[in-house]
Every structure is written in structure tokens, then in C-alpha cells.
Number of protein chains: 2
Amino acid sequence: MNFQQLRIVRETVRRHFNLTEVANELYTAQSGVSKHLKDLEDELGVELFVRRGKRLLGLTEPGKQLLPIVERILLDTQNIKRLSEQFSQQDTGHLALATTHTQARYVLPVVVTRFKQTFPKVHLELRQCGPTEIVTLLRAGQVDIGIATEAVGGEADLVTFPFYQWQHALIVPDDHPLIDVQPLTLEVIADYPLITYHHGYTGRSRIDAAFARAGLTPDVVMSALDADVIKAYVELGLGVGIIAAPAYHPARDAGLRLLDAPSLFEINTTYLALRRGHYLRDYALRFITDCVPALSVEQIKAAVFPKVAIA
Amino acid sequence: MNFQQLRIVRETVRRHFNLTEVANELYTAQSGVSKHLKDLEDELGVELFVRRGKRLLGLTEPGKQLLPIVERILLDTQNIKRLSEQFSQQDTGHLALATTHTQARYVLPVVVTRFKQTFPKVHLELRQCGPTEIVTLLRAGQVDIGIATEAVGGEADLVTFPFYQWQHALIVPDDHPLIDVQPLTLEVIADYPLITYHHGYTGRSRIDAAFARAGLTPDVVMSALDADVIKAYVELGLGVGIIAAPAYHPARDAGLRLLDAPSLFEINTTYLALRRGHYLRDYALRFITDCVPALSVEQIKAAVFPKVAIA
DNA sequence: GATGCTTACGATACCCGTAAAGATA
DNA sequence: TATCTTTACGGGTATCGTAAGCATC
């Protein structure tokens, strides 16, 4: 048994049992992949994969039980690497974040700027993607920190910390009749064509819930992944936009007006998400405490490495 | 990085940084051990060991932080082996117990007999040793289950379950004057020369505590590791024995009488101890539930693999 | 001087990649 | 037929053990 075999096992599951893809992903020959799997099964004396003819279809029962152990070992090898880099190259290294457009574009710039001043030699990788993909990237160990409003809660293998809170607000052209309406109600809004986020993005579910609770069916004529796109179409007069309030900048968004609606929609909380057991460099911990000053490094470590260090 | 290097790191710490011993323990050449350590340090870019000249003296800070991760990885490799044996050879295998003389001699025979009938093909290894050594063996993964009254409580990396309760009692030759004394008190007993267990064995601390609480200083003329030795000297008339009550068999111990003293000494609890994160074969779980029928397999697993499966 | 660590060196075994053949969709 | 997996084979590398050279105690 060696690490390469374990990497192949993990990658085989991730790539849905296509050994050719596995080989490409691991930069090795496909024949070796095949042999490694067979060797491992021989050594353990157990079939790990369900086969039909020559094709792999899935995991056997022992394979299923083996997988989490394999993943933990590989996680620990990464931890060893990060741990030694922590000592060998204090403040240089790599920090990978996965986050949604809203955070990347409107919230993180301040934090990132400060971080880059403190750790100029840390390469910062900002991966922008959807909430569910953030979870995937965290699980795969491809990013250190995830930042999202949706999908990261309630996952047993992730740890989350509240980052900041925000609400949805309306955005309209600055000559729009809604500007003079007081008070703004869901009923009034529902009379206009609406433009807002896709399902699963930036609290869309909260918007739908608010209308549903009021017994209204809003006329969402367009949905987009990010506020910039929404703004563009609001500017064209295609409808009233509903975006995250932090996504509005008075200076940059000339010609548009933000209409706060504090009571209409639920408060959203954006979270920092970490993978349990994923070792974090000092600068990664610092990034987190920069975001949430109320947190201490010890609290973070205690949450990421629960209780006993398991072993 | 490979598994052999990690094994060498672990063993180097265990063998107090004597690489020659490490090589013997791992059945390999000492030169390779030396090279492996150097290679690993080179690969990680960190010195893991403190050296003076050619001698290794201890772990550096990064080495200290690395060690628990290394141990967890090696624990998981054992878990992989056990897990696959679980499937490849259902009811055959190896079960290693570490226990003290009292349990091995007087308590376990019943359980072991039943176990052997159920799992005739499982090789049962019964290692008899002192309480502190039981903890060491559990930690080293050399035994699956520890059974002891002392030393196993309060260790964060161990899980314990109460096995059974017992009390100390007096043992005397069957013509001894104490047989007719009613009620037995510590004061009365303290007038006789006593023979009992060594410190750290079979609840000796409870015996001392009982006399201390009563303001008495008993005259312990001999101490031994096990009840059989104590009995032998009681038989010779050298004193009154204090042994664990389960260690007395009326038939086998002809010529001796057990005098119960329910109120004199505290109740002792003997525990089953397991190492957290140590995978247990089905038959090992069965052994435990045989000992403690109130326990379910799920409860045991939940305690050994806490919360999230970490990974 | 005895013990313990490192380095050098040769044999072995392991791992990888190419290529051909067989199976599957 | 195109894709995918297995098997066979050769080259390269890593690992291991022996032996010699040094450092430490």
C-alpha cells in the first residue's frame, strides 16, 4: 500500500470510475492506474470496486467503508505539507478562497487589500463559483476557505462562522416611480416586472419565501448570477432589480438608485466555511480573524480539529 | 513521502531517538532508517529532529506538531488492514487483549470461553501486564481492548466502558480468629499484619484510602502483584489477605475463607478501554457487548469514532 | 573502546510509460 | 467504430542491505 494507490482510489471515485480521466488528473499512465488498483485489492484481499466485465461501476461495501479512511489519510498528507511549509517559509505560500460573485466583487476587496499588505508574498487565489461548488472545492481540499451565503450550513464535515449580515434591496433607474412610494411593500413591488438572482444564488430563496409568505406571485422576468448583470438590465428599463444591498455603489452606479427595504426580506448571513481537519496556515487563520475580529485563532482551531485530535 | 518514512518517524520517537533500535524494530537496515529520515526532512524542507553532532536528541517544534498527524495516518493504515480483513476473512483473525492478572485469571475465563465457542477461528492473544502498560499498548495499537481498574480513566485518547463492579474482601486461613468477629471493622483488621496488592494494582489505592480515612496506618507486611501470590502467603499464616472478592473460589481455595466486608472499602469499577479511532472487527465489538450486554454496537462505534468521521 | 550515525555502493524490487490486445458501449 | 481496460514488456528509479568510515559517549 502506498500513497499513490490511495490517491488513485480517491480520484477513481471522484471521476466516476473512469480510469482514463483518473490517469490524466494524476499525470500518469492509465495502465499504471489499472495495475495499482488491482495491486491494492490483491494486497487487501478484498474487491473494492464493482465491475461489469472490464468496466468499473461503483464501490463495493468494503470499498465504501474504506473511502472515508483513504480520504482522511490523504487529507493528513496535505496537512503535513502545509505544516512543514508553515515552518520552512513563514509568510510565503498559497491561500485559496472559493466565493460567490457578490463577495468577490463587493465585500472581499477591502479584506483582500489589507491581507495583501500584511502578507505580500502569499499568492492569493480567488475562485469564483456557485455555492454548491464551494462545498465541493472545500471537500476536495482545493480551497482553504469558502465564503457563501447558501449551501454551506448544515454540512457535517464543514465548519462555518458568521461573516457579516446583509439584506436585499431594490434597485431602479433614478427616474422610477417607486422612488417616491412610501412605504414600500411587497404588494407594490409585485406589480412590477422583477429582475433578480438565479435560484440558489445570493439569497434568492429568501426573496421567494418573502413573496410566498405574503401570498404573492412576483413576476420575475429575468434572473442572473450576479448583481452586475441585474443592474445592466435594470438600467435598460426591463424591470425592478432586487439585489444584495452591499452590491450597490452610489458613485459607480450612477443612473441607478438603491431603495432599502429593511422590513420586506429576511436578514441574510454570509458565512466563512472551512473543512474539518484541514490544516490552516497562520496567514489563513489571520485572514479569517481579519474577517471576523470577534474570533480567536484558538476558537478556529478548536472548531476545525474537534475535541481530541481523533487519533 | 511514503509510509515507511512515517513508520520510522513514529518509531524513532518511541525508541527515544535510537535509530539502531528503530531499525531492529522495523526489521530493516539502520542505514536506511537514517537515510529515510534525512530524505523526509529534505522533502518537507524542515528539520524534524534536534541533533547534536550525529546523535538525535528530540523533536523540533515542527516535528512535535507533525507527530500526531503521522500517528493518525499510521493508525488509519492499520484501520484499512483491519477493515479489509473484516471482509476477506469474516470470522477469522486476531484479537489482542491487555489486562491485569485479576481479570485474566478470575473474570475473563467465562467470557473468553463463550467467545471462543462463537469465534473458534479467531486467535485470541491475552497480554497480561500492569495498568499503565495497558494504556501504552492501546496507544501503540498493539492491543484492541484493554481491561483494567486503574489508570485507564481520564485519558483523552481512550474510551472506557464500565465492565463490572467489585469490592475488596479479607481472606484468611479457615481457623483464623477473625472469622468469628462481628462486625468486621477497619480497626480490627488493622491489628493484624496484612498482605495485599502492590501500589497501582487492583485497587490498592482504594485500600490505602479507606485506612487513611479512618485514621489508621495498616501494617502491610507484604505486597504482591496478584491474588494467587497473596493467597499463598496467607495460607502460610503470614498475615491477613486483602484481595478482590472475585479472586476467591471456595472449591479451589480449600483451607482459606473469604470474609466479605461490604462497607469497609469503596466499590471498584473495572473498565473496558479502547483507543479512539482504532477500527474494531465485528468479533471485537461482539466481545465487548458480551462483556457489557447493555452496550450496543452503535454506541461503541459512536464513542470510538467521535462525531463526524472527521474527514 | 563500545555504541551509534552517516556515506558509499551494488543488487533487487518497484513503479512508470509504451504498445498491443481484448472488452464494452 | 470509438472508447476504455487489461496485460505484457522494457527502462528508470527508489529502496534495501552490506560494509566501511566517523562521531559521540
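First, a word on what this report is: a plain description of the structure on this page. (Residues numbered from 1 in each chain as written. Chains lettered and ligands numbered in written order. Predicted model: local features only at pLDDT ≥ 70, side-chain atom pairs only at ≥ 80, totals over all residues. Heavy atoms only, no water.)

Another point: the protein's contact with DNA strand C. Every one of the 22 residues lining DNA strand C counts as a neighbour, but Asn2, Thr28 and His36 of chain A together with Gln30 and Ser34 of chain B are closest to it. Backbone atoms, meaning sugar and phosphate, form 70% of the atoms of DNA strand C found within 4 Å of the protein. The separation between a phosphate oxygen of DNA strand C and a polar side-chain atom of Thr28 of chain A is 2.5 Å. Between DNA strand C and Arg55 of chain B, the relevant distance is 3.2 Å, taken from a base oxygen to a side-chain nitrogen or oxygen of the residue. No other element matches the 4 residues that helix 3 (residues 30-44) of chain B contributes to the surface near DNA strand C. Residue classes in the surface near DNA strand C are distributed as 4 nonpolar, 11 polar and 7 charged. (Near = heavy atom within 4 Å. Polar contact = N/O pair within 3.5 Å; in protein donor to acceptor, adjacent residues only side chain to side chain. Helix = DSSP H or I, 4+ residues; strand = E, 2+ residues; numbered from the N terminus. Nonpolar A, V, L, I, M, F, W, Y, C, P; charged D, E, K, R; others polar.)

Looking now at the protein's contact with DNA strand D. Close to DNA strand D lie 22 residues, the nearest being Gln30 and Ser34 of chain A together with Thr28, Ala29 and His36 of chain B. Here a sugar or linking oxygen of DNA strand D sits 2.9 Å away from a polar atom, N or O, in the main chain of Lys54 of chain A. Within the side chain of Arg55 of chain B, an N or O atom sits 3.1 Å from a base oxygen of DNA strand D. Elements supplying a minimum of two residues to the surface near DNA strand D: helix 2 (19-25) and helix 3 (30-44) of chain A together with helix 3 of chain B. Looking at the surface near DNA strand D, its residues break down into 4 nonpolar, 11 polar and 7 charged.

All right, on to the layout of surface pockets then. Residues and elements named next belong to chain B. Put simply, the largest pocket is a space of about 740 Å³. Class assignment of the residues belonging to the lining of the largest pocket gives a composition of 13 nonpolar, 8 polar and 11 charged. Residue-level mapping places the lining of the largest pocket at the junction of two domains, with at least three residues from each of domain 1 (3-81) and domain 2 (89-163 + 271-304). (1 Å grid on protein atoms, 1.4 Å probe; cavity = no way out; pocket = protein on both sides within 12 Å on 5 of 7 lines; lining within 4 Å. Points joined across faces, edges and corners; volume = space filled by probe spheres on them. Domains from an automatic or database assignment.)

What follows is about the sheet that holds strand 5 (residues 145-148) of chain A. To summarise the sheet geometry, strands pair through backbone hydrogen bonds and adopt either a parallel or an antiparallel arrangement. All names here are of chain A. Within the open sheet, the 5 strands sit side by side as 4-3-5-12-6. Their pairing is mixed. In this open sheet, the two strands that pair with only one neighbour each are strand 4 (122-128) and strand 6 (158-166). Strand-to-strand twist of the sheet, defined as the mean angle between neighbouring strand axes without regard to direction, takes the value 20°. Inspection of the sheet shows strand 6 paired to strand 12 (residues 268-275) by 8 bridges, in the antiparallel sense. Pairing of Trp166 across the sheet is with Asn268, part of strand 12. On top of the sheet, helix 6 (residues 131-139) reaches strand 3 (93-99), strand 4, strand 5, strand 6 and strand 12; it is set at about 170° to strand 5, its chief contact. (Pairing = 2+ DSSP bridges. Axes fitted to C-alpha atoms, helices over the stretch in contact; angles between N-to-C directions. Contact = heavy atoms within 4.5 Å.)

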